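Listed below are the residues making up each chain.
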Amino acid sequence: MNILGYAQKLGKALMLPIATLPVAALLLRLGQPDLLDIAFMASAGNAIFSQLPLLFGLGIAIGLSKDGNGAAGLAGAVAYFVLTATAATIDASVNMSFFGGIIAGIIAGHSYNAFHMTRLPEWLAFFAGKRLVPIMAGLFALVMGAVMGVVWPSIQGGLDALAHAVSTSGAVGQFVYGTLNRALIPVGLHHVLNSYFWFGMGSCQEIVISAASAAGQALPSLKQLCVDPALAKTLVAGQEYTFNFVNTVTPEITATVNSVTETIKSGDLHRFFGGDKSAGVFMNGFFPVMMFGLPGAALAMYLAAPAEKRSQVGGALFSVAFCSFLTGITEPLEFMFVFLAPALYAMHAVFTGLSLVVANMFGTLHGFGFSAGLIDFLLNWGLATKPLVLLVIGLGFGALYFFTFSFAIRAFNLKSPGREDDDEAATAAPAGEAVKGDLARQYLKALGGHDNLTSIDACITRLRLTLKDRTVANEDVLKKLGAKGVVKLGENNLQVILGPLAEIVAGEMKAIGANEDLSDVKLP
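Remember, predicted model here, so these are calculated numbers, not experimental data.

Conventions we followed
- Counting restarts for each chain: residues are numbered from 1 in the order of the written sequence.
- Note on the predicted model: pLDDT of at least 70 is required for a residue's local features to be given, and 80 or more for side-chain atom pairs to be given and counted; whole-chain, interface and lining totals, by contrast, use all residues.
- Only hydrogens and water are removed before side-chain values are computed, so all heavy atoms of the structure are retained for them.
- The numbering of helices and of strands both runs from the N terminus, where a helix is a DSSP run of H or I of at least 4 residues and a strand a run of E of at least 2.
- Burial here depends on accessible area, computed with a 1.4 Å probe over protein chains only, as a share of the maximum for the residue type. Under 20% is buried, over 50% is exposed, and the range in between is partly exposed.
- Contacts are assigned to residue pairs that have any heavy atoms within 4.5 Å of one another.
- Strands are labelled as partners when DSSP assigns at least two bridges between them.
- An automatic or database domain assignment supplies the residue ranges for each domain.
- UniProt positions are given in the numbering used here, feature names are shortened, and annotations may be inferred rather than shown by experiment.
- To define axes, lines are fitted to C-alpha atoms, for helices over the stretch in contact only, and angles between the resulting N-to-C directions are given on a 0 to 180 degree scale.
- pLDDT is defined as a per-residue confidence score from the predictor, taking values between 0 and 100.
- Throughout, nonpolar core names a set of buried Ala, Val, Leu, Ile, Met, Phe, Trp, Tyr and Cys residues whose side chains join them through atoms within 4.5 Å.
- Side-chain rings of Phe, Tyr and Trp, where Trp is taken by its six-membered ring, are said to pair if the distance between their centres is within 6.5 Å; with planes under 30 degrees apart they count as stacked, over 60 as edge-to-face, and otherwise as tilted.
- Two conditions define a charge located above a ring, namely a distance within 6 Å from the ring centre to NZ of Lys or CZ of Arg, and an angle within 35 degrees of the ring normal.
- Count a disulfide wherever a pair of cysteine sulfur atoms falls within 2.5 Å.
- In these notes the angle categories are as follows: under 35 degrees is roughly parallel, over 145 is roughly antiparallel, 65 to 115 is roughly perpendicular, and the rest is oblique.
- When residues are sorted by character, Ala, Val, Leu, Ile, Met, Phe, Trp, Tyr, Cys and Pro go into the nonpolar class, Asp, Glu, Lys and Arg into the charged class, and all the rest, Gly among them, into the polar class.
- A pair is scored as a salt bridge if a Lys or Arg side-chain nitrogen falls within 4 Å of a carboxyl oxygen belonging to Asp or Glu.

Asker: Is there a simple way to explain the overall build of the chain in this structure?
Answerer: When you go through the chain residue by residue, the secondary structure sums to 22 helices and nine strands. Overall, the chain is about 80 × 75 × 40 Å in size when its C-alpha atoms are taken along their principal axes. Among the 524 residues that make up the chain, the fraction classed as buried is 51%. Taking contacts inside the chain between residues at least 6 apart in sequence as the whole, the part at least 24 apart equals 71%.

Spelled out as structure tokens, the structure:
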């Protein structure tokens, strides 16, 4: 498999463990003293965050396995425990964080694919097949753990240098990350990028405090902080310290240290929920884009559509814009124009980078457990720095998107929903109508049937396919069936953008028998 194809498969696998974050963030926040003040609820949410590397190992193993079998997940857990224990025994300073989970998941996923059908001699038959998978994964993880125990300190040094370079580059690093985050969405690789920034870049050590105050004002709800590990080593329980946090609304917090824990939190997202008052730099700028910018773009595209077609596109644009505003799920809206008008999408990517720069320029900090929509914005308000300022910035970006999209569409006669070529608009079947027929069989036939497909996967909005011969796939027919676009990766990998129906269609395609005759299936 080529590198891009494998990377998109890994990106899809990452979505499974990342999907646990909303419930973790919800429990953690609701249990805090400034909300419901339910300690066991907060502990439950924190437990998920604390075991995130293990969840990466489980989820990636299942995602990379041929059939998503639970045996792959068990092998992922075994590989993670063996890998991390081996590496830490060789060098006690080794802490691979979520990278350990990714490595373990990759080992386990491929071990499952290689050994889940293996036969052994009769006297070893009990260990054959799927029961062999955790054993082999553990053995491979043992070897990898020994290697990591030697080489990981050097790798970690390089990653730390990269993190330092990005964090100290200020606006440049923020702009590049924000732009790449959106630019990689069409090929499905944004989760690979996000994983490092949200779960791996930077670290802090959790300490328990009491009698906290800032600028003479008591902070009774603040019971923990997450500080630089180097600083944590110098702290003594029972003594009072003044902690300095750059670029925050409370630059100084004076508190008595109750205890210094062994808990290390890595990444912008994990540190934000762990009490690091400087975290949120690589999340705050998404709120203006997802809550205001993209809905502004949707309004611009609606008004740019011919008057006779506005009723046709208005409902779809409103629903995906509201989805972006409320939940931060943007792909259904983004894929309505990324293939019609790539220039508009390039503007969107640049504006996202600009949003991160502006949000940090004004000293805002915010975070999310799932995505930067209204739900996360309100839920995490109590942890945020200058959330009202972030709202004002959002209104500004809503106006920026609306006016620039409106101007660009009209000035350069760009395509957008309702402005497609007449033949495209006439032949593209609405997804809802196609489902009433036999959509899965139609897509399967248009792709060349089971004989031409070696892998069928899906994420929220796209089919992720590996084909023996990609030239057999009929792109025109795929679009007539309702696909919003087709993305080619390498020689044999194809993504078909369907929207929210993708997982349903993929499941139905897998259920179609390999020997089923598709000759009677009608294609548009």
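Next comes the rest of the write-up.
Asker: Please clarify how the pairing of strand S6 (residues 453-458) should be interpreted in this entry.
Answerer: Strand residues, when the strand is regular, have side chains that alternate between the two faces of the sheet. Most of S6 is tucked away, with five of its six residues classed as buried. Linking S6 back to strand S7 (residues 462-467) in an antiparallel pair, the connection comprises three residues.

Asker: I keep staring at the domain arrangement of the chain and nothing clicks. Help me out?
Answerer: How big an interface is tends to be stated in terms of accessible area lost as the parts join. The domains assigned to the chain are domain 1 (3-198), domain 2 (203-266), domain 3 (285-422) and domain 4 (432-511). Here the C-alpha centroids of domain 2 and domain 3 sit 37 Å apart.

Asker: I tried to follow the UniProt feature "active site" (unreviewed entry) in the chain on my own but got confused; where do I start?
Answerer: Look at the UniProt record and you will see "active site" (unreviewed entry) annotated at Cys459. Tracing the backbone shows Cys459 in the loop between S6 and S7. A residue is classified by how much of its surface remains accessible, and Cys459, at 5% relative accessible area, is buried. Sequence-distant contacts of Cys459, that is, excluding residues within four places in its chain, are made with Lys12, Met15, Arg464, Ala502 and Glu503.

Asker: Where do I start with the sheet that holds strand S9 (residues 493-497) in this structure?
Answerer: Taken in spatial order, the four strands line up as S6-S7-S9-S8 in an open sheet, and their pairing is antiparallel. Strands with a single pairing partner mark the edges of an open sheet, and in this sheet they are S6 and strand S8 (485-489). The sheet shows a mean angle of 20° between the axes of neighbouring strands, taken without regard to direction. Where S7 lies against S9, five bridges are found, and the strand directions are antiparallel. Along S9, the bridge assignment pairs Thr466 with Asn493.

Asker: What exactly am I supposed to notice about the UniProt feature "transmembrane region" (unreviewed entry) in the chain here?
Answerer: Here the UniProt feature "transmembrane region" (unreviewed entry) sits at residues 12-32, 38-64, 71-90, 96-115, 135-155, 285-305, 312-329 and 389-409. Taken end to end, residues 71-90 is 100% helix and 0% strand, and its two terminal C-alpha atoms sit 29 Å from one another. Between the C-alpha atoms that bound residues 389-409 the distance is 30 Å, and the span itself is 100% helix and 0% strand.

Asker: Hey, could you run me through the environment of Gln239 in this one?
Answerer: Topologically, Gln239 is positioned in the loop between helix H10 (229-232) and strand S4 (240-244). Sequence-wise, Gln239 and Thr256 are 17 residues apart; in three dimensions their C-alpha atoms are separated by 5.5 Å. Beyond its immediate stretch of four places on either side in the chain, Gln239 contacts Ala255, Thr256 and Val257.

Asker: Sorry, what's going on with unusual backbone geometry here?
Answerer: Glycine aside, a negative phi is what most residues show, and trans is what most peptide bonds show. Unlike most non-glycine residues, Ser97 shows phi in positive territory, near 50°. Note on placement: Ser97 falls in helix H6 (residues 97-115).

Asker: How should I be thinking about the confidence of the model for the chain in this particular structure?
Answerer: The predicted structure's coordinates, where accompanied by low pLDDT, should not be read in detail. Taken over all residues, the pLDDT of the chain has a mean of 88, while the share at 70 or more is 94%. Long-range and interchain partners of residues 425-437, a stretch whose pLDDT sits below 50, account for 13 contacts in this model, where long-range means more than four residues apart.

Asker: For this particular structure, what's the right way to read the nonpolar core?
Answerer: Soluble, globular proteins show a tendency: their nonpolar side chains are buried together. Grouped together as the largest cluster of nonpolar side chains are 67 residues, with contacts concentrated most on Phe56, Phe197, Trp198 and Phe199. Contact partners of Phe56, with chain neighbours within four places excluded, come to Leu14, Pro17, Ile18, Phe98, Gly101, Ile102, Ser195 and Phe199. The next biggest cluster of nonpolar side chains, apart from the first, holds 34 residues, and it includes Ala297, Met301, Val320 and Ala341.

Asker: What exactly am I supposed to notice about the packing of aromatic side chains here?
Answerer: To describe a pair of aromatic rings, you give the distance between the ring centres and the angle between the ring planes. Counted according to the given criterion, the structure contains 32 aromatic pairs. For the pair Trp198 and Phe286, a centre-to-centre distance of 6.4 Å together with 90° between the ring planes defines the contact as edge-to-face. A residue pair is termed long-range when its members are at least 10 positions apart, and Trp198 in helix H9 (residues 190-199) and Phe286 in helix H12 (residues 286-304) qualify at 88 residues. As far as the burial class goes, Trp198 and Phe286 line up, both buried. Sitting above the plane of the Phe126 ring, Arg131 keeps its charged end 4.8 Å from the centroid.

Asker: Please explain the state of the cysteines as it appears in this structure.
Answerer: Covalent bonding between the sulfur atoms of two cysteines defines a disulfide. All chains considered together, the criterion is met by one disulfide. For Cys204, the disulfide goes to Cys226, at an S-S distance of 2.0 Å. Handedness here is read from the sign of the S-S torsion; for Cys204 and Cys226, about 90°, the answer is right-handed. Separated by 22 residues along the polypeptide, Cys204 in strand S1 (residues 203-214) and Cys226 in strand S3 (residues 224-227) bring together distant segments of the chain. Take Cys204: its relative accessible area is 1%, and that puts it in the buried class.

Asker: Sorry if this is basic, but what is going on with the packing of helix H3 (residues 39-50) against helix H4 (residues 52-64) here?
Answerer: In the contact formed by H3 and H4, the axes pass within 5 Å of each other and the chain directions differ by 60°. What the angle tells us is that H3 and H4 run oblique. Mapping the contact onto sequence places Ile48, Phe49 and Ser50 in H3 and Leu52, Pro53 and Leu55 in H4. For the contact of H3 with H4, a count of residues per class yields five nonpolar, one polar and no charged.

Asker: Honestly, the pattern of salt bridges in this entry has me stumped. Any pointers?
Answerer: Close approach of charged atoms allows side chains with opposite charge to pair. All chains considered together, the criterion is met by nine salt bridges. A salt bridge links Arg271 to Asp268, with the shortest nitrogen-to-oxygen separation between them at 3.8 Å. Highlighted residues: Arg271 and Asp268, both in helix H11 (residues 268-274), separated by three residues, approximately one helical turn. Across this residue pair, the class does not change: Arg271 and Asp268 are buried. Of the charged contacts, one joins Arg441 and Asp438 as a salt bridge, the two residues approaching to 3.1 Å between their closest N and O atoms. The partly exposed category is assigned to Asp438, whose relative accessible area is 34%. Shared partners join several salt bridges into a network, and the residues in it are Asp268, Arg271 and Asp276.

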